[in-house]
Amino acid sequence: MIQTSSSPKETQHSSLSTDLIADCRLPTADSLSSSLSTQHFLSPHTKIFIAGHRGMVGSAIVRLLQAKGYHNLIVKTREELDLTNQSEVHGFLAEEKPDYIFLAAARVGGIHANNTFRADFIYENLIIETNIIHAAWKAGLNRLLFLGSSCIYPRDCPQPIREEYLLTGPLEQTNEPYAIAKIAGIKLCESYNRQYGTGYVSVMPTNLYGPNDTYDLLESHVLPALIRKAHEAKLQGEKSLTVWGTGTPKREFLYVDDMAEACIFLMESGVTEGLFNVGTGCDVTIRELAETVMDVVGFKGTLTFDTSRPDGTPRKLLDVSSMKALGWQSKTTLQNGIAKAYADFLTHKPTFQPNQT
Ligand code: GFB
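Asker: Which residues make up the overall build of the chain, and what values go with them?
Answerer: Helix and strand counts for the chain stand at eleven helices and twelve strands. Going through the 357 residues of the chain one by one, you find that 55% of them count as buried. In the chain, 83% of the contacts between residues at least 6 apart in sequence involve partners at least 24 apart. Element-wise, carbon and sulfur atoms account for 50% of the exposed surface of the chain, whose accessible area totals about 15,300 Å².

Asker: How would you explain the side chain of D213 if you had to name every residue and give the values?
Answerer: Relative to the elements of secondary structure, D213 occurs in the loop between strand 6 (207–209) and helix 7 (222–235). Of the side chains with opposite charge, R63 lies nearest to the buried D213, which makes no salt bridge, at 11 Å. When residues no more than four places from it in sequence are discounted, the contact partners of D213 are M56, L208 and P224.

Asker: I'd love a proper account of the nonpolar core, names of residues and values included.
Answerer: Counting residues in hydrophobic clusters, the biggest one holds 43 residues, and the most contacted among them are L93, I132, L144 and Y153. If you list the elements that add at least two residues to this core, you get strand 1 (48–51), helix 3 (86–96), strand 3 (100–103), helix 5 (118–138), strand 4 (143–147), helix 6 (176–196) and strand 5 (199–205). Contact partners of L93, with chain neighbours within four places excluded, come to F49, P98, I101, I132, A135, A136, A139 and L141. By size, the runner-up hydrophobic cluster in this structure holds 37 residues, among which are Y100, M259, A260 and A262.

Asker: Explain the sheet that holds strand 3 to me, and be specific about the residues and the numbers.
Answerer: Within the open sheet, the six strands sit side by side as 2-1-3-4-5-10. Their pairing is parallel. For this open sheet the edge positions go to strand 2 (73–74) and strand 10 (275–278), each flanked by a neighbour on one side alone. Relative to strand 5, strand 4 runs parallel, the two being bridged by five bridges. Across the sheet, the residue bridging to R143 is G199, located in strand 5.

Asker: How would you summarise unusual backbone geometry if you had to cite specific residues and measurements?
Answerer: Among all residues except glycine, the phi angle is most often negative; among peptide bonds, the trans geometry is most common. For the bond running from Q159 to P160, omega is -10°, close enough to zero to count as cis. Looking at the secondary structure, you find P160 in the loop between strand 4 and helix 6. In this structure, K97 takes a positive phi of about 45° despite not being glycine.

Asker: Mind laying out the site of the ligand, listing which residues take part and the relevant values?
Answerer: The environment of the ligand is formed by 22 residues, the closest being I111, K229, R251, P310 and D311. With respect to the ligand, the side chain of N114 contributes an N or O atom lying 3.1 Å from an oxygen atom. Measuring from an oxygen atom of the ligand, one finds a backbone N or O atom of D311 at 2.6 Å. Within the complex, the protein chains bury 98% of what would otherwise be the 700 Å² of accessible surface of the ligand. Of all the secondary-structure elements, those providing two or more residues to the shell around the ligand are helix 4 (111–116), helix 7 and strand 7 (240–244). By residue number, the principal contributor to the shell around the ligand is helix 7, which donates three residues.

Asker: Just give me the short version of the packing of helix 9 (residues 286–297) against helix 11 (residues 334–348), but keep the residues and values in it.
Answerer: When two helices pack together, their arrangement is given by the angle between the helix axes and by the axis-to-axis distance. The interhelical angle for the contact between helix 9 and helix 11, taken along N-to-C directions, is 55°, at an axis separation of 10 Å. Considered as vectors, helix 9 and helix 11 are oriented oblique to each other. In the packing of helix 9 onto helix 11, the handedness of the crossing is right-handed. In contact with L289, T292, V293, D295, V296 and V297 of helix 9, helix 11 contributes L334, Q335, I338, A339 and Y342. The class makeup of the residues in the contact of helix 9 with helix 11 is eight nonpolar, two polar and one charged.

Asker: If you had to explain the environment of V201 to someone new, which residues and values would you point to?
Answerer: Mapped onto the elements, V201 comes out in strand 5. Its relative accessible area of 1% is what places V201 among the buried residues. Along the sequence, V201 and V271 sit 70 residues apart, while their C-alpha atoms lie 7.3 Å from each other. Contact partners of V201, with chain neighbours within four places excluded, come to L144, L145, F146, C189, V271, T272, E273, G274 and F276.

Asker: Outline the packing of aromatic side chains, listing residues and values.
Answerer: Here the structure, examined in full by the defined rule, presents nine aromatic pairs. With a centroid separation of 6.0 Å and an interplanar angle of 20°, the aromatic rings of Y342 and F345 are classed as stacked. With Y342 and F345 both in helix 11 and three residues apart, this pair spans about one turn of that helix. As far as the burial class goes, Y342 and F345 line up, both buried. These aromatic residues form a ring-pair network of at least three members: W137, Y192 and Y196. Across the ring face of W244, the terminal group of R309 is positioned such that the distance to the ring centre comes to 4.4 Å.

Cut-off values and rules
- Residues numbered from 1 in each chain as written.
- Predicted model: local features only at pLDDT ≥ 70, side-chain atom pairs only at ≥ 80, totals over all residues.
- Heavy atoms only, no water.
- Helix = DSSP H or I, 4+ residues; strand = E, 2+ residues; numbered from the N terminus.
- Buried < 20%, exposed > 50% of the residue type's maximum accessible area, 1.4 Å probe, protein only.
- Contact = heavy atoms within 4.5 Å.
- Areas by Shrake-Rupley, 256 points an atom, 1.4 Å probe, with all protein chains shown as cover.
- Lys, Arg positive; Asp, Glu negative; His and termini not counted.
- Salt bridge = Lys/Arg side-chain N within 4 Å of Asp/Glu carboxyl O.
- Core = buried A, V, L, I, M, F, W, Y, C linked by side-chain atoms within 4.5 Å.
- Pairing = 2+ DSSP bridges.
- Near = heavy atom within 4 Å.
- Polar contact = N/O pair within 3.5 Å; in protein donor to acceptor, adjacent residues only side chain to side chain.
- Axes fitted to C-alpha atoms, helices over the stretch in contact; angles between N-to-C directions.
- Parallel < 35°, antiparallel > 145°, perpendicular 65-115°, else oblique.
- Left-handed = near helix turned anticlockwise from the far one by under 90°.
- Nonpolar A, V, L, I, M, F, W, Y, C, P; charged D, E, K, R; others polar.
- Phe/Tyr/Trp six-rings, centres within 6.5 Å; stacked < 30°, edge-to-face > 60°.
- Lys NZ or Arg CZ within 6 Å of the ring centre and 35° of its normal.

What follows is the structure, given as structure tokens:
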């Protein structure tokens, strides 16, 4: 259990705007009013389980919960609790009975990892979310936030992507198994809510980056990969940095502390149903991203594009108006976020494998 000393701020129920999108999946302002928790269950003592606390998102949620004065946090290492083991998860939740669960545990990775370890990505994500959501319901736990990913939306759907575009078209092939698992997680939350009256909420973050990211050149996402490549190219006095694909796909990047803030905001708002996109509302091409990273890192060379590598989906900009309507929006600019991520990379730089890309 993690102890902190300060007190959490008073929980605020956000004012709700009436311009939320009306559809069958995303609650309208009226239905949101009725789905806001009437039971004021938050206090410094609220017992909160963060599944996946060693990952980038889970660790950011723990940091922010602590900073806000929540001191009754439960975290478990993989050795202490195997989330892929149904009886362990059921026993743990039945005994601990946390008031709130952040389901941030997942098998994640960049385009190459998703495309290569397809079986691992679908199996591990399905089993973790199924175990936790079903065990939470069985233990009578009614508050949970499930973290998905923006890759759940159809590859070629209109931009920016609204929540109701879910399941309206085929998925991007490079991450289809992962996306299917995350869609299943959303449907688990929705189905338990509908059949059993639980209050499980889903959030769909755009591409995240920040402290505790993975910098392995094959497994990581683009932003940490480019930070590492630019840093090493600078140190080795290289003339060029290799970027996968054509550089033309567009991506939206959210600093992970902003994501943690959005998750805790939803918990404190008392929202008990729905699917919420979380992003910045702005995207850049991979070429523009590489240029910004080079600028922050101070690498002066040129860019080379390895078009034997896949581009993935051409664009996935999230429509973030439902979170804005609730009263939340991101704070960190891309330039500032990359500067913070690079500073963290320099401080905690792991010993890298000299892998080739
Ligand atoms: O971040 P990323 O691996 O994943 O790649 P996705 C984004 C884009 O950056 C792709 C290009 O067009 C890559 O080809 N890219 C350029 C690079 N250089 C690099 C590099 O050195 N490393 C990497 N990794 N990419 C993932 C999904 O999709 O996004 C997941 O596979 C998840 O399921 C995650 O949804 C958020 O944005 O394409």
